[in-house]
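Structure assessment
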Amino acid sequence: MIGDTSKEISLAALDPAKENERLVASIAAGDRDAEQAFALRFMRPVRAMLLARLRNPDIAADLLQDVMVESISALRKGQVREPAKLPGFVASVARNVLNSHFRGAARQPESLELPEDLQALKLEADPMEEEQRESRAIEAISSLESVDRSILQMTLVDGLKPAAIATRLGLNPDVVRQRKLRATRKIIDLVNRLSQTGSVVHLTTGRRT
Amino acid sequence: MTDCKELPGEQFLLDYLSGELPESETVRFEEHYFACSSCLARVEALQDVQLKLRAQPRQLYRAPIPWPVRFAVIGAIAAMVLAVAFAFHGRHQGQQPSIAAGGSTPEKPGSASMPSVQSPSIKTSAAQLADLALPPFQMPQLRGERSNPDFKSGMTGYINRNCPAAIRDLARVPAGDQDLTAARFYRGVCLMQEKDFAGAFTRLRSVAEAGDSPQQEAALYYLAQIALAENDIPTARHNLSLVISIRGDFENRARAQLVHLSQGDAGK
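Observations regarding the overall build of chain B
Regarding its fold elements, chain B presents 12 helices and zero strands. When the accessible area of chain B is evaluated, it comes to approximately 14100 Å², of which 55% is carbon and sulfur surface.

Digging into the overall build of chain A
What chain A contains, in helices and strands, is nine helices and zero strands. Taken from the N to the C terminus, the helices and strands of chain A come in the order α-α-α-α-α-α-α-α-α. Expressed as a percentage of the 209 residues in chain A, the buried residues total 48%. Look at the contacts in chain A between residues 6 or more apart in sequence, and 65% of them connect residues 24 or more apart. In the structure as shown, chain A presents an accessible area of about 9800 Å², 50% of it carried by carbon and sulfur atoms.

Notes on the packing of helix H6 (residues 149–159) of chain B against helix H8 (residues 180–193) of chain B
Residue and element names in this part refer to chain B. Contact geometry for H6 and H8: axes closest at 11 Å, N-to-C directions at 30°. Classified by the interaxial angle, the pair formed by H6 and H8 is roughly parallel. Read as a crossing pair, H6 and H8 show a hand that is left-handed. Contacts from Phe151, Met155 and Tyr158 of H6 reach H8 at Ala182, Ala183, Tyr186, Val189 and Cys190. Across the contact of H6 with H8, the residue classes tally to eight nonpolar, no polar and no charged.

Here's the deal with the pattern of salt bridges
For the structure on display, the rule yields 25 salt bridges over all chains. Residue Glu23(B) pairs with Arg53(A) through a salt bridge whose shortest N-O separation is 3.2 Å. Within this pair, whereas Glu23(B) is found in helix H2 (residues 23–33), its partner Arg53(A) is found in helix H3 (residues 32–54), the two belonging to separate chains. For Glu23(B), a relative accessible area of 44% gives the class partly exposed. With a shortest N-O distance of 2.8 Å, Arg53(A) and Glu30(B) are connected by a salt bridge. One end of the pair, Arg53(A), is in helix H3; the other, Glu30(B), is in helix H2, on a second chain.

As for the packing of helix H2 (residues 16–28) of chain A against H3(A)
Residue and element names in this part refer to chain A. Contact geometry of H2 with H3 gives a least axis separation of 8 Å together with a crossing angle of 130°. Here H3 runs oblique to H2, going by the angle between their axes. Seen along the crossing, H2 lies across H3 with a hand that is left-handed. In contact with Glu19, Asn20, Leu23, Ser26 and Ile27 of H2, H3 contributes Ala34, Glu35, Ala37, Phe38 and Arg41.

Notes on the interface of chain A and chain B
You'll often see interface size given as the accessible area lost when the parts meet. With 60 residues of chain A at the interface, the matching set in chain B holds 58 residues. Carbon and sulfur atoms supply 56% of the area that chain A and chain B bury against each other, a total of about 5800 Å² over both sides. Taken as a group, Gln153(A), Leu156(A) and Arg182(A) account for 12% of the area that chain A buries against chain B, more than any other trio of residues on that side. Joining chain A to chain B, the criterion identifies 12 salt bridges. One salt bridge in this structure joins Asp48(B) and Arg133(A), with 2.9 Å as the shortest N-O distance. At the level of elements, H3, helix H5 (86–103), helix H6 (127–142), helix H7 (146–157), helix H8 (162–169) and helix H9 (173–197) of chain A are the ones that each hand at least two residues to the side of chain A that touches chain B. Top element by residues in the side of chain A that touches chain B is H9(A). It accounts for 16 residues. Broken down by class, the residue content of the side of chain A that touches chain B amounts to 30 nonpolar, 13 polar and 17 charged.

Let's talk about the packing of aromatic side chains
Residues and elements named next belong to chain B. Considering all chains together, one arrives at 15 aromatic pairs over all chains under this definition. Both rings, one in Tyr222 and one in Phe250, keep their centres 6.2 Å apart while their planes meet at 75°; by these two values the pair is edge-to-face. One end of the pair, Tyr222, is in helix H10 (residues 216–229); the other, Phe250, is in the loop between helix H11 (233–246) and helix H12 (251–267), and 28 residues separate them in sequence. Summarising the burial analysis for this pair, Tyr222 and Phe250 share the class buried. Taken together, the ring pairs in this structure connect Phe137, Phe151, Tyr158, Phe185, Tyr186, Tyr221, Tyr222 and Phe250 into an aromatic cluster. One residue, Arg253, lies across the ring of Tyr221, its end atom 5.5 Å from the ring centre.

A few points about a nonpolar patch on the surface
All names here are of chain B. A surface patch of nonpolar side chains, amounting to about 260 Å² of accessible area, comprises Val73, Ile77 and Val81. Inspection of the secondary structure puts Val81 in helix H4 (residues 67–89). Looking at Val81, the relative accessible area reads 53%, which means it is exposed.

Rules of the game
- Residues numbered from 1 in each chain as written.
- Chains lettered and ligands numbered in written order.
- Predicted model: local features only at pLDDT ≥ 70, side-chain atom pairs only at ≥ 80, totals over all residues.
- Heavy atoms only, no water.
- Helix = DSSP H or I, 4+ residues; strand = E, 2+ residues; numbered from the N terminus.
- Areas by Shrake-Rupley, 256 points an atom, 1.4 Å probe, with all protein chains shown as cover.
- Buried < 20%, exposed > 50% of the residue type's maximum accessible area, 1.4 Å probe, protein only.
- Contact = heavy atoms within 4.5 Å.
- Axes fitted to C-alpha atoms, helices over the stretch in contact; angles between N-to-C directions.
- Parallel < 35°, antiparallel > 145°, perpendicular 65-115°, else oblique.
- Left-handed = near helix turned anticlockwise from the far one by under 90°.
- Nonpolar A, V, L, I, M, F, W, Y, C, P; charged D, E, K, R; others polar.
- Salt bridge = Lys/Arg side-chain N within 4 Å of Asp/Glu carboxyl O.
- Buried area = accessible area lost by both parts, 1.4 Å probe.
- Phe/Tyr/Trp six-rings, centres within 6.5 Å; stacked < 30°, edge-to-face > 60°.
- Lys NZ or Arg CZ within 6 Å of the ring centre and 35° of its normal.
- Patch = residues over 30% accessible without salt bridge, like charges linked within 9 Å, V, L, I, M, F, W, Y side chains within 5 Å.

The structure is reproduced here in C-alpha cells:
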C-alpha cells in the first residue's frame, strides 16, 4: 500500500528512483492506491507533452487517458524492465500513442478494468486547480506591456520569427529578441511565484497541501 | 521547485513549445521534465499563457515602415551626402581596403558593399569578403528594466562608434549580470573593429558557446567574419553553416558569403 502521504513526499524527495521502483512493484502487486498515485503523478507531464506536440487541448485530453490506461496496463503486467526509469517509460508510452494518432491508426487501448474508486484515472482536471492556473496565466499576461504581449502572441501562437515580428511591429529584431526572452522569463517567474503562494500540488503524490 | 541544475533557457522553452527543437532534444527534454518538477512548472506556465494568448484577440498593429526600407532610405541618403561631399572636394580617393568600417548597411552585404571575388587568389578574396562593420544596436527602453551602468555607458560609446571607450566600459560588466552576454558580444565586435582578432575571437566564442541568447547567431556570424579576415576559410565555412542552420537574421548574409567562397573555389 502507498501508506502515509507525508512519508511518500519525503521518500520521493530523497530518492526518486527508489520511489519509482516501489510504485512499479506496488502496481504489479495489485495495489490500487499505487495506481492512483501513479496517475496523479504523471498526469501533468503527460498532458504537457501531449499539448506541446499536438497544440490542441481537446485531442490532448483524449490521448491523455489512452496514455495512462496503457501505462497502467503495462505496469500491472510487470512489463516495465527498468522500474527506476519509470518517467522515461511513461514518456515512451506517450510517444507511441502520439505516433499512432499521427498515423491515423484507430488505436484501441488494451482492455483494462478501471477501478471505480480511481477518480484520477477519469483524468478530469481538478476544476479549482484549472481555475487557478487560468487566473495565473491571465495575471501574467496582464503584467506585460502590450508590445511584449504582441511579441509573445506572435511567437507562441503564430510561430513567427523575431525578424518577421520586428517587421510587423516596426522594431529592431534584436529588440524583439530581448523583449521576447525577458517577457518569457517574467511570465515564468510570475506564474511560479503565484503558484507557490497559492495552493501547491506536489508532483510526487499529486496531493494538495 | 528550484533544485534542477539544468533549467532550460527561455529560448529553448519557446523553441520546444513551437515544435522547433530537433526530435532528439525534444525527447531528451521531455524525459527530463517527466522527472523534474521545476522544468515541468516552466513548461506548464508557458503553455497556460500560450492557451490564453490563443484565445485573445489580436491587437491593432500600427503600420510601421519596415526596417529594410528604413535602412535602404538611410543608406541612399548617406550615399548621396557622401557623393556630394566627394564631388565638392573634387578629389578622387584611391582604392580603399575593402574591409568596411562602421556605417555600412548591414542588411545588404551581398550587394554593393560586397568586395569582388574575381581576384586571383582565393585567400585575398576571403579577406575582402569579411564583413567587419559594427552591427547596429538600439538601447532597449524597457520599463522597469535596469541596465548595468557600465553596460549602458559602454553601449553609449558603442553607438557613438567610440570602440576604445566601449571596450573599456563593457569589460567592467560583472559576471552574473543580465547584460553580461550582450556586453561580451559588443566588446567582441569592438575588438574586431580594432583589429584585435584574437581578443574578439575569445569574447565572441564565449557568447556563441553560451547557448541561447539574442546574440548567439550574431556571434557565430562575426566569428566567421574574423576567420575570413584571417583567411581561415574552413573555419569561416563552418561558422557560416552554423549561422545558416539557425535560420535567423544573418542567414541570407551567411549564404551569400558561402556562395562567394564556393565561386572562389571554382575559379581556382
